[in-house]
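# Structural overview for review
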Amino acid sequence: GQQVMQIPQYQHVQEGEDFTTYCNSSTTLSNIQWYKQRPGGHPVFLIQLVKSGEVKKQKRLTFQFGEAKKNSSLHITATQTTDVGTYFCAGPPIGSYIPTFGRGTSLIVHP
Amino acid sequence: NAGVMQNPRHLVRRRGQEARLRCSPMKGHSHVYWYRQLPEEGLKFMVYLQKENIIDESGMPKERFSAEFPKEGPSILRIQQVVRGDSAAYFCASSPGPGARDEQFFGPGTRLTVL
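A few points on the structure. (Residues numbered from 1 in each chain as written. Chains lettered and ligands numbered in written order. Predicted model: local features only at pLDDT ≥ 70, side-chain atom pairs only at ≥ 80, totals over all residues. Heavy atoms only, no water.)

## What to know about the packing of aromatic side chains
All names here are of chain A. Which entries qualify depends on this criterion: Only Phe, Tyr and Trp rings take part, Trp by its six-membered ring, and two of them pair if their centres are within 6.5 Å. Stacked means planes under 30 degrees apart, edge-to-face means over 60, and tilted covers everything else. The helix count covers DSSP runs of H or I at least four residues long, the strand count covers runs of E at least two residues long, and both are numbered beginning at the N terminus. Each residue gets one of three labels from its accessible area relative to the maximum for its type: buried under 20%, exposed over 50%, partly exposed in between, using a 1.4 Å probe on protein chains only.
What the rule picks out here adds up to twelve aromatic pairs over all chains. For the pair Phe-88 and Phe-101, a centre-to-centre distance of 6.5 Å together with 75° between the ring planes defines the contact as edge-to-face. Here the residue Phe-88 occupies a position in strand E9 (residues 85–91), and Phe-101 occupies one in strand E10 (residues 100–101), the gap between them amounting to 13 residues. Neither Phe-88 nor Phe-101 differs from the other in exposure class; each is buried.

## Let's talk about the sheet that holds strand E8 (residues 71–76) of chain A
Residues and elements named next belong to chain A. Stated precisely, the cut-off is as follows: Should DSSP find at least two bridges between two strands, the strands are regarded as paired. Only the contacting stretch of a helix is used when fitting its axis, a line to C-alpha atoms as for every element, and angles between N-to-C directions run 0 to 180 degrees.
Strand order across the open sheet formed by five strands is E1-E3-E8-E7-E6, with antiparallel pairing between neighbours. For this open sheet the edge positions go to strand E1 (4–7) and strand E6 (55–58), each flanked by a neighbour on one side alone. Looking at each pair of strands side by side, their axes are set apart by 15° on average, direction ignored. For strand E3 (residues 19–25) and E8, the ladder comprises six bridges, and the chain directions are antiparallel. Paired with Cys-23 across the strands is Ser-72, a residue of E8.

## Concerning the sheet that holds strand E3 (residues 19–24) of chain B
All names here are of chain B. Across the sheet, which stays open at both edges, the four strands sit in the order E1-E3-E8-E7 with antiparallel pairing between neighbours. The sheet is open, and its two edges are formed by strand E1 (5–7) and strand E7 (65–68), each paired on a single side. With strand direction ignored, the average angle separating the axes of adjacent strands in the sheet is 15°. Bridging between E1 and E3 involves three bridges; their strand directions are antiparallel. Looking at the pairing, Met-5 lines up with Ser-24 of E3.

## Some points on the layout of surface pockets
How we decide: Residues are called lining when one of their atoms sits within 4 Å of a cavity or pocket point, these points coming from a 1 Å grid over the protein atoms alone, where a cavity is a set in which a 1.4 Å probe fits but cannot get out and a pocket is an open set with protein on both sides within 12 Å along at least five of seven lines. Grid points are joined across faces, edges and corners, and a volume is the space filled by probe spheres set on the points. Note on residue categories: nonpolar means Ala, Val, Leu, Ile, Met, Phe, Trp, Tyr, Cys or Pro, charged means Asp, Glu, Lys or Arg, and polar means any other residue, Gly included.
One number sums up the size of the largest pocket: a volume of about 450 Å³. Every residue lining the largest pocket is counted, 24 residues in all, and those nearest its centre are A:Gln37, A:Thr86, B:Gln37, B:Pro39 and B:Glu40. Elements supplying a minimum of two residues to the lining of the largest pocket: E9 and strand E11 (105–110) of chain A together with strand E9 (88–95) of chain B. Residues belonging to the lining of the largest pocket are distributed by class as follows: ten nonpolar, nine polar and five charged.

## Examining the pattern of salt bridges
Oppositely charged side chains may form a pair once their charged atoms are brought near each other. Note the threshold: By definition here, a salt bridge exists when the distance from a side-chain nitrogen of Lys or Arg to a carboxyl oxygen of Asp or Glu is within 4 Å.
Across all of its chains, the model carries five salt bridges over all chains by this definition. Between A:Glu54 and A:Lys56 there is a salt bridge, and its shortest N-O distance comes to 3.7 Å. The partner of B:Arg78 in a salt bridge is B:Glu18, with the nearest N and O atoms 2.9 Å apart. Within this pair, whereas B:Arg78 is found in strand E8 (residues 75–79), its partner B:Glu18 is found in the loop between strand E2 (10–13) and E3, the two being separated by 60 residues in sequence. Judged by its relative accessible area of 27%, B:Arg78 is partly exposed.

## Observations regarding the interface of chain A and chain B
The condition that has to hold: Residues are treated as being in contact if the distance between any of their heavy atoms lies within 4.5 Å. Summed over both partners, the accessible area lost on bringing two parts together, with a 1.4 Å probe, is the buried area. Any pair of N or O atoms that falls within 3.5 Å is considered a polar contact. Within protein, one atom must be able to donate a hydrogen and the other to accept it, and sequence-neighbouring residues count only if both atoms are side-chain atoms.
Each side of the interface is counted separately: chain A has 20 residues, and chain B has 21 residues. Of the roughly 1,700 Å² buried at the junction of chain A and chain B (both faces included), carbon and sulfur atoms supply 56%. Summed over the shared surface of chain A and chain B, the number is zero salt bridges. Where chain A meets chain B, there are four residue pairs in polar contact (both at pLDDT 80 or more). Residue composition of the side of chain A that touches chain B, by class: ten nonpolar, nine polar and one charged.

Structure (structure tokens):
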């Protein structure tokens, strides 16, 4: 079945440093979604990318969807302590409505 | 404008008991997904339902687990004869339906502990 891998599993940064998490799917995706989950909380939708090669920005966050629609990345510029949490990518394979979630990257920001 | 509601937020059961988890989707949403999350792991898809229909239950164990989304009332995930391995956080998410925007809105989750 479809597998979605995310790396790294954990990332420690000093406040102000940049952060990137990578997402790779074993199959072509119809879209890629990114979610953020704070410790003890629930996943919150951040963004959805649909087109091959698409890039979207939300303030300090930049999201990319690969040309082959099998990989994606999330980059945070100048991290803040409020960025702490686990970032999940999720994507349904072509022809499916069920997104497969990656295991997430936990971001720890040290002040 | 209430979001997705789940109850109870915390549930403790002894081995062999039944657990019933409830999920009320956002107003206007007719699609519900249930996920299970173990500590420091991702979300594992269990079941996808529309009103009165199970669309995809490929992620749900065949035994002891069942789900429904009746015409009236919340969606219910039922776990019979719980075992310690069922301890996890169970999240439901709702969406208006598949389409150009597949965003899922998650509830706060039910943390199930089996003693």
